[in-house]
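Listed here are the chains, written in short residue letters.
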Amino acid sequence: MTTAISTEAPTGCRPGAFGNATHLICRACGATGPLGPFYACVECFGPLEVGYEFPAVTRAEIEAGPKSIWRYAPLLPVPADIATFRSTDPGFTRLVDARNLADDLGLRQLWVKDDSGNPTHSFKDRVVAVALSAARELGLKVLACPSTGNLANAVAAAAARAGIRSVVLVPENLERQKILASAVYDTTLIAIEGTYDDVNKLASEIAGEEEGWAFVNVNVRPYYAEGSKTLAYEIAEQLGWRIPDQIVIPVASGSQLTKIDKGLQELIKLGLVEEKPYKIFGAQATGCSPIAQAYRAGHDVVRPVKPDTIAKSLAIGNPADGPYVLDTVRRTGGVITDVDDETVVANIQRLARTEGIFAETAGGVTVGVTAKLIADSALDPDAETVVINSGDGLKTLDAVADKVGPKTTIPPRYEAFEDFWKDVRP
Ligand SMILES: *Cc1c(COP(=O)(O)O)cnc(C)c1O
Ligand SMILES: [Zn+2]
């Protein structure tokens with residue numbers, strides 16, 4: 001890898017293929033190199049991320065853009081004409097003023113960023129859309145991924161819409177809803193006997209052998225990861241171009257958490273929001289909490305675990321961005337902690353009961369951790385807080401199946417209803 005920063009598109013790409021992105025930079029050693037289908041530093045094998053030279057960007061320009069992540073195209077590694085390509089156009093999901101949940105939790109001001117409103121009902125549509133753009137510009141013809149479920153849904157749908165082939169690899173023990181919600185897009189779905197970490201390892205081997213494949217979270221991961229910055233941009237814009245005091249974020253590989261922080265930093269540097277301190281909090285399920293464990297122990301390295309939790313979308317035992325999550329959380333004065341599966345289910349129900357939002361298990365983790373952080377006095381109840389709901393409860397129905405549901409069946413007669421109602425009426 002060279003240390004020269006190139007402002008030219010990679011060989012074979014059209015000019016402006018990556019917008020204002022100018023280079024890749026190693027997060028471990030800081031070495032820089034040209035844009036391309038690279039993801040590991042040749043000096044130290046560290047992970048690469050996208051670097052930019054931003055022109056002036058104004059709020060008005062962004063506000064005039066499409067109601068999707070493409071309104072932030074100047075801040076992403078995508079061409080200026082990205083909105084003219086066939087994508088699922090994710091993003092611009094609602095920021096819900098969660099007053100009932102705030103009262104329930106004892107918070108003064110709480111917002112839920114509800115990313116279940118994306119095209120395939122999770123935040124993964126954001127990262128896949130940016131990865132798809134990179135794959136297209138780099139001439140890669142197959143969109144692929146190892147997935148804990150939601151990513152497979154997003155890859156299969158995005159490839160269908162773009163008219164290209166997709167191959168998705170998932171652990172065989174995945175929720176039925178998530179398997180079907182990938183298969184329906186006519187993808188090549190391969191169930192693997194093993195954990196996500198086994199699936200991920202196989203994907204890396206395939207990526208090394210098969211040319212022309214874009215494994216969205218492997219060989220085009222630097223571009224993929226940038227998609228999560230749009231969560232930060234949207235939250236700030238929807239708050240009237242302000243940064244909240246505290247953000248609670250679910251953590252699997254840790255990519256989303258670190259990129260939300262990167263997005264906030266960029267908004268400050270570009271003068272789109274006023275600079276202010278903010279705290280980033282991470283949420284894991286106890287059955288897969290390698291980063292929370294490292295945080296508690298005061299370690300900088302994350303020791304891999306074997307996942308055992310109902311929060312399957314977060315079940316990554318060897319998280320790629322683990323050390324960077326620790327870094328971000330500690331630097332901003334936040335915490336990363338975990339809650340057990342019973343608490344996850346109770347908090348899926350809590351969010352549904354208070355706000356009418358049905359989250360998947362990851363959302364139960366995030367709300368559960370928020371409650372725990374308040375009880376531990378780690379979250380300031382008077383500070384403005386945002387929690388991310390990253391996925392849809394309809395994909396993890398089994399989590400609540402034996403907690404809710406019709407308790408009685410009655411014949412279609414008024415007397416039967418009356419009999420039933422007198423016992424349950426408030
Ligand atoms: C993938 C996923 C996450 C976590 O993403 P990372 O960037 O890998 O930490 C959170 N919530 C849901 C629903 C997911 O599918
Ligand atoms: Zn390096």
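The structure presented is a predicted model; accordingly, all values stated were derived computationally and were not measured.

### Re the nonpolar core
Thinking step 1. If you look at the biggest cluster of nonpolar residues, it comprises 82 residues, and the most contacted ones within it are Phe18, Leu143, Tyr223 and Ile260.
Thinking step 2. It is helix α3 (residues 124-137) that provides the largest number of residues to this core, a total of eight residues.
Thinking step 3. Looking at this core, you find at least three residues from each of domain 1 (95-119 + 228-399) and domain 2 (124-224).
Thinking step 4. Those residues in contact with Ile260 that lie beyond four places of it in its chain are Ser228, Leu231, Ala232, Ile247, Ile249, Ile280 and Ile388.
Thinking step 5. Tyr196, Ile348, Ala359 and Ala362 belong to the second-largest nonpolar core, a separate cluster that totals 36 residues.

### Topic: the pattern of salt bridges
Thinking step 1. For the structure shown, the criterion picks out 28 salt bridges.
Thinking step 2. Across the pair Asp97 and Arg99 runs a salt bridge, and its minimum N-O distance is 3.0 Å.
Thinking step 3. Between Asp321 and Arg221 there is a salt bridge, and its shortest N-O distance comes to 2.8 Å. Of this pair, Asp321 sits in the loop between α10 (290-297) and α11 (322-332) while Arg221 sits in helix α7 (residues 221-226); the two residues are 100 residues apart in sequence, bridging distant segments of the chain.

### A short note on the coordination of the zinc ion (ligand 2)
Thinking step 1. Taken together, the protein ligands of the zinc ion (ligand 2) are Cys26 (SG), Cys29 (SG), Cys41 (SG) and Cys44 (SG), with distances of 2.2 to 2.4 Å.
Thinking step 2. Every donor counted, the four donor atoms about the zinc ion (ligand 2) form angles of 101 to 117° at the centre, which fits tetrahedral coordination.
Thinking step 3. For the zinc ion (ligand 2), the donor residues sit on a single chain with the sequence spacing C-x2-C-x11-C-x2-C.
Thinking step 4. Take Cys29: its relative accessible area is 44%, and that puts it in the partly exposed class.

### Concerning empty space enclosed by the protein
Left-over empty space is what a probe sized like a water molecule reveals as it rolls over the atoms.
Thinking step 1. One pass over the structure, following the stated rule, counts one cavity of 30 Å³ or more.
Thinking step 2. Approximately 30 Å³ is the volume attributed to the largest cavity.
Thinking step 3. Every residue lining the largest cavity is listed: Val112, Leu351, Gly363, Thr366, Val367, Val387, Ile388 and Asn389.
Thinking step 4. The set of elements that each furnish at least two residues to the lining of the largest cavity consists of α13 (361-375) and β13 (385-389).

### A short note on the UniProt feature "domain: Tryptophan synthase beta chain-like PALP" (unreviewed entry) in the protein chain
Thinking step 1. UniProt annotation of "domain: Tryptophan synthase beta chain-like PALP" (unreviewed entry) refers to residues 89-391 when read in the numbering used here.
Thinking step 2. Taken end to end, residues 89-391 has its terminal C-alpha atoms 17 Å apart, with 45% of it in helix and 16% in strand.

### Structural notes on the packing of helix α8 (residues 229-238) against helix α9 (residues 255-269)
Thinking step 1. In contact at an axis separation of 6 Å, α8 and α9 are set at 50° when each is read in the N-to-C sense. As judged from the angle between their axes, α8 and α9 are oblique. Judged by the twist between their axes, the crossing of α8 over α9 is right-handed. When α8 is examined against α9, the residues Lys229, Leu231, Ala232, Tyr233 and Ala236 are found in contact with a partner set consisting of Gln256, Lys259, Ile260, Lys262, Gly263, Leu264, Glu266 and Leu267.
Thinking step 2. By residue class, the composition of the contact of α8 with α9 is seven nonpolar, two polar and four charged.

### Considerations on the state of the cysteines
Thinking step 1. In total, this model carries zero disulfides according to the counting rule given.
Thinking step 2. Sulfur of Cys145: no disulfide; nearest cysteine sulfur belongs to Cys288 and is 18 Å away.
Thinking step 3. Residue Cys145 is classed as buried on the basis of its relative accessible area of 0%.

### Regarding the UniProt feature "modified residue: N6-(pyridoxal phosphate)lysine" (unreviewed entry) in the protein chain
Thinking step 1. In the UniProt entry, the feature "modified residue: N6-(pyridoxal phosphate)lysine" (unreviewed entry) is given for Lys124.
Thinking step 2. Position of Lys124 among the secondary structure elements: in helix α3.
Thinking step 3. Those residues in contact with Lys124 that lie beyond four places of it in its chain are Asn150, Leu151, Ala154 and Tyr224.

### Some words on the site of ligand 1
Thinking step 1. The local shell around ligand 1 holds 15 residues, among which Lys124, Ser253, Gly254, Gln256 and Ser390 are the closest.
Thinking step 2. Residue Asn150 places a side-chain N or O atom 2.9 Å away from an oxygen atom belonging to ligand 1.
Thinking step 3. Within the contact set of ligand 1, an oxygen atom lies 2.8 Å away from a backbone nitrogen or oxygen of Gly254.
Thinking step 4. Protein contact buries 98% of the 380 Å² of open area that ligand 1 shows by itself.

### Structural notes on the sheet that holds strand β6 (residues 142-146)
Thinking step 1. Pairing within the open sheet is parallel, and its four strands lie in the order β8-β7-β6-β9. The sheet terminates laterally at β8 (188-192) and β9 (213-215), the two strands that pair on one side only. Averaged over neighbouring strand pairs, the angle between their axes works out to 20° when direction is ignored.
Thinking step 2. Of the pairings in the sheet, the one linking β6 to strand β7 (residues 165-171) comprises five bridges and is parallel in character. Directly across from Val142, in β7, lies its bridge partner Arg165.
Thinking step 3. Contacts from helix α6 (residues 196-209) reach β6, β7, β8 and β9, with the element oriented near 145° to β7.

About the cut-offs
Residues numbered from 1 in each chain as written. Chains lettered and ligands numbered in written order. Predicted model: local features only at pLDDT ≥ 70, side-chain atom pairs only at ≥ 80, totals over all residues. Heavy atoms only, no water. Core = buried A, V, L, I, M, F, W, Y, C linked by side-chain atoms within 4.5 Å. Buried < 20%, exposed > 50% of the residue type's maximum accessible area, 1.4 Å probe, protein only. Helix = DSSP H or I, 4+ residues; strand = E, 2+ residues; numbered from the N terminus. Domains from an automatic or database assignment. Contact = heavy atoms within 4.5 Å. Salt bridge = Lys/Arg side-chain N within 4 Å of Asp/Glu carboxyl O. Donors = N, O, S within 2.8 Å, 3.2 Å for Na, K, Ca; no water. Tetrahedral: all angles 85-135°; square planar, octahedral: opposite > 155°, others 65-115°. 1 Å grid on protein atoms, 1.4 Å probe; cavity = no way out; pocket = protein on both sides within 12 Å on 5 of 7 lines; lining within 4 Å. Points joined across faces, edges and corners; volume = space filled by probe spheres on them. UniProt positions renumbered as here; feature names shortened; annotations may be inferred. Axes fitted to C-alpha atoms, helices over the stretch in contact; angles between N-to-C directions. Parallel < 35°, antiparallel > 145°, perpendicular 65-115°, else oblique. Left-handed = near helix turned anticlockwise from the far one by under 90°. Nonpolar A, V, L, I, M, F, W, Y, C, P; charged D, E, K, R; others polar. Disulfide = S-S within 2.5 Å. Near = heavy atom within 4 Å. Polar contact = N/O pair within 3.5 Å; in protein donor to acceptor, adjacent residues only side chain to side chain. Areas by Shrake-Rupley, 256 points an atom, 1.4 Å probe, with all protein chains shown as cover. Pairing = 2+ DSSP bridges.

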